[in-house]
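So you can see what is in the structure, the chains are spelled out below.
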Amino acid sequence: MKLFLSLLALSALIGLGAWFGLAPQRATAKAAQTKVAVYVSIARPAGVSDEALNAEFTRAIPIYAKVPGLERKYFTYSQTGFGGLYLFDSEASAKAHFDAAWLQRVEKTYGVKASPVYFSVPEVTAGAAQVAPSAANVATIVEIKTPWYGTDGLVRKGLRDAIPTYAATPHLIYKYFTQGADRSFGGIYLWEDQASAEAHFGPAWHARVTKKYGHDGVVTFLKAPVSMIQPAKAETP
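Just so you know, these numbers come straight off a predicted model, no measurement behind them. (Residues numbered from 1 in each chain as written. Predicted model: local features only at pLDDT ≥ 70, side-chain atom pairs only at ≥ 80, totals over all residues. Heavy atoms only, no water.)

K.L.:
Pulling in residues and values, what's your account of the overall build of the protein?
P.N.:
A tally of helices and strands in the protein yields 8 helices and 8 strands. Expressed as a percentage of the 237 residues in the protein, the buried residues total 47%. In the protein, the share of contacts with a sequence separation of at least 24, taken over all contacts with a separation of at least 6, comes to 78%. Element-wise, carbon and sulfur atoms account for 60% of the exposed surface of the protein, whose accessible area totals about 11700 Å². (Helix = DSSP H or I, 4+ residues; strand = E, 2+ residues; numbered from the N terminus. Buried < 20%, exposed > 50% of the residue type's maximum accessible area, 1.4 Å probe, protein only. Contact = heavy atoms within 4.5 Å. Areas by Shrake-Rupley, 256 points an atom, 1.4 Å probe, with all protein chains shown as cover.)

Dropping the structure here:
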């Protein structure tokens, strides 16, 4: 009975948004000065299986497709939590969605408080993997502390200059280049599968980051079996 009630509660909350695995956008990488990414992780109810989460994610797709300003959402989970990685067209759209009523609803449903984490997204790019998102996908969140000499302008230039490298990265479907409120920088990636993500963020990557910045970066791995991706908007002349 507890498991049944947990699934009902999970369905009710996930049903407040939705995403579907459409073909990745292959538009030329461009600046996204006002975009904002949000990471949400809610404590996973006991006894809820991966299959149950996937089913609820899929059922929620049509609702999230109607969320104002939401361009992408990767439905995600780990062993301890579930939620998503969102890409909004602006901070205003993100905060309108994650308002006080949303926070209260999560706490009432699960007995825990949710704390959405915001990142500014100055750049985005598709990777070299010209495939549609699938159930095997894995998302990664990378956060690297900005060195003391790293001005905002310098960081943004570095992110912009890195676009060609990530556009040619094998098995990478999409990347948001991110900056955190704590002066960290990095990215949110969508990979074809776990093996591809782990191969990219192997010992050589950590050694390179440590040598360049004087400290290692933090990489968070999340299963991302379902995605909602809005069609690319036509360019304004």
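K.L.:
Quick rundown of helix H4 (residues 100–110)? Include the residues and the values.
P.N.:
A turn of α-helix holds 3.6 residues, and therefore any two residues three or four places apart point the same way. When we look at burial in H4, the residues that qualify are Trp102, Val106 and Tyr110. Burial along H4 is one-sided: seen end-on, the buried residues are contained in an arc of 40°. Of the residues in H4, the exposed ones pointing more than 90 degrees away from the buried face are Gln104 and Lys108. (Arc of directions from axis to C-beta.)

K.L.:
Describe the side chain of Arg44, listing the residues and the values that go with them.
P.N.:
For Arg44, the location among the structural elements is in the loop between strand S1 (30–43) and helix H2 (50–64). Taking the relative accessible area as the measure of exposure, Arg44 reaches 16% and is therefore buried. Within the structure, the side chain of Arg44 is placed 2.5 Å from the side chain of Asp50, a separation counted as a polar contact. If sequence neighbours within four positions are ignored, Arg44 has contacts with Ser49, Asp50, Leu53, Tyr77, Ser78, Gln79, Thr80, Gly81 and Phe82. (Polar contact = N/O pair within 3.5 Å; in protein donor to acceptor, adjacent residues only side chain to side chain.)

K.L.:
Describe the nonpolar core, with residues and values.
P.N.:
With 26 residues, the main nonpolar core has Val38, Tyr86 and Phe88 as its most contacted residues. For this core, the secondary structure elements donating two or more residues are S1, H2, strand S2 (70–77), strand S3 (81–88), H4 and strand S8 (218–229). Core analysis: the second largest hydrophobic core is formed by 19 residues, Tyr74, Val124, Tyr174 and Tyr176 among them. (Core = buried A, V, L, I, M, F, W, Y, C linked by side-chain atoms within 4.5 Å.)

K.L.:
Give a description of the pattern of salt bridges that names residues and reports values.
P.N.:
Within this structure, the stated rule accounts for 6 salt bridges. Notably, a salt bridge pairs Arg44 with Asp50, separated by 2.5 Å at the nearest N-O pair. What makes Asp50 partly exposed here is its relative accessible area of 28%. The salt bridge partner of Asp152 is Arg156, with a shortest N-O separation of 3.2 Å. Here Asp152 pairs with Arg156, and both are found in helix H5 (residues 152–161), just 4 residues apart, close to one helical turn. (Salt bridge = Lys/Arg side-chain N within 4 Å of Asp/Glu carboxyl O.)

K.L.:
Lay out the packing of aromatic side chains with the relevant residues and their values.
P.N.:
All told, the structure shown has 19 aromatic pairs when counted by the stated rule. When the centroid spacing of 5.8 Å and the interplanar angle of 20° are considered together, the rings of Tyr74 and Tyr176 count as stacked. Of the two residues, Tyr74 is situated in strand S2 and Tyr176 in strand S6 (residues 172–180); the sequence distance between them amounts to 102 residues. Each member of the pair, Tyr74 as well as Tyr176, carries the same accessibility label: buried. For the pair Phe82 and Tyr110, a centre-to-centre distance of 5.7 Å together with 65° between the ring planes defines the contact as edge-to-face. Here the residue Phe82 occupies a position in strand S3, and Tyr110 occupies one in helix H4, the gap between them amounting to 28 residues. Feature note: the residues Phe57, Tyr64, Phe75, Tyr86, Phe88, Phe98 and Trp102 constitute an aromatic cluster, connected by ring pairs. A cation over a ring is seen here: Lys95 above Tyr118, with NZ or CZ 5.9 Å from the ring centre. (Phe/Tyr/Trp six-rings, centres within 6.5 Å; stacked < 30°, edge-to-face > 60°. Lys NZ or Arg CZ within 6 Å of the ring centre and 35° of its normal.)

K.L.:
Quick rundown of the side chain of Thr76? Include the residues and the values.
P.N.:
Relative to the helices and strands, Thr76 resides in strand S2. A distance of 3.3 Å separates the side chain of Thr76 from the backbone nitrogen of Gly84, its partner in a polar contact. Excluding residues that lie within four positions of it along the chain, Thr76 makes contacts with Tyr39, Phe57, Phe82, Gly83, Gly84, Leu85, Leu222, Lys223 and Ala224.

K.L.:
Lay out unusual backbone geometry with the relevant residues and their values.
P.N.:
Even without glycine at this site, His171 takes up a positive phi of about 70°. By the element assignment, His171 lies in the loop between helix H6 (163–167) and S6. Phi is positive for Arg183, close to 70°, though the residue is something other than glycine. Mapped onto the fold, Arg183 is located in the loop between S6 and strand S7 (184–191). Take Arg183: its relative accessible area is 43%, and that puts it in the partly exposed class.

K.L.:
Describe a nonpolar patch on the surface, listing the residues and the values that go with them.
P.N.:
On the surface, Trp148, Tyr149 and Leu154 cluster together into a nonpolar patch covering about 430 Å² of accessible area. Relative to the elements of secondary structure, Tyr149 occurs in the loop between strand S5 (138–145) and H5. For Tyr149, a relative accessible area of 43% corresponds to the partly exposed category. (Patch = residues over 30% accessible without salt bridge, like charges linked within 9 Å, V, L, I, M, F, W, Y side chains within 5 Å.)

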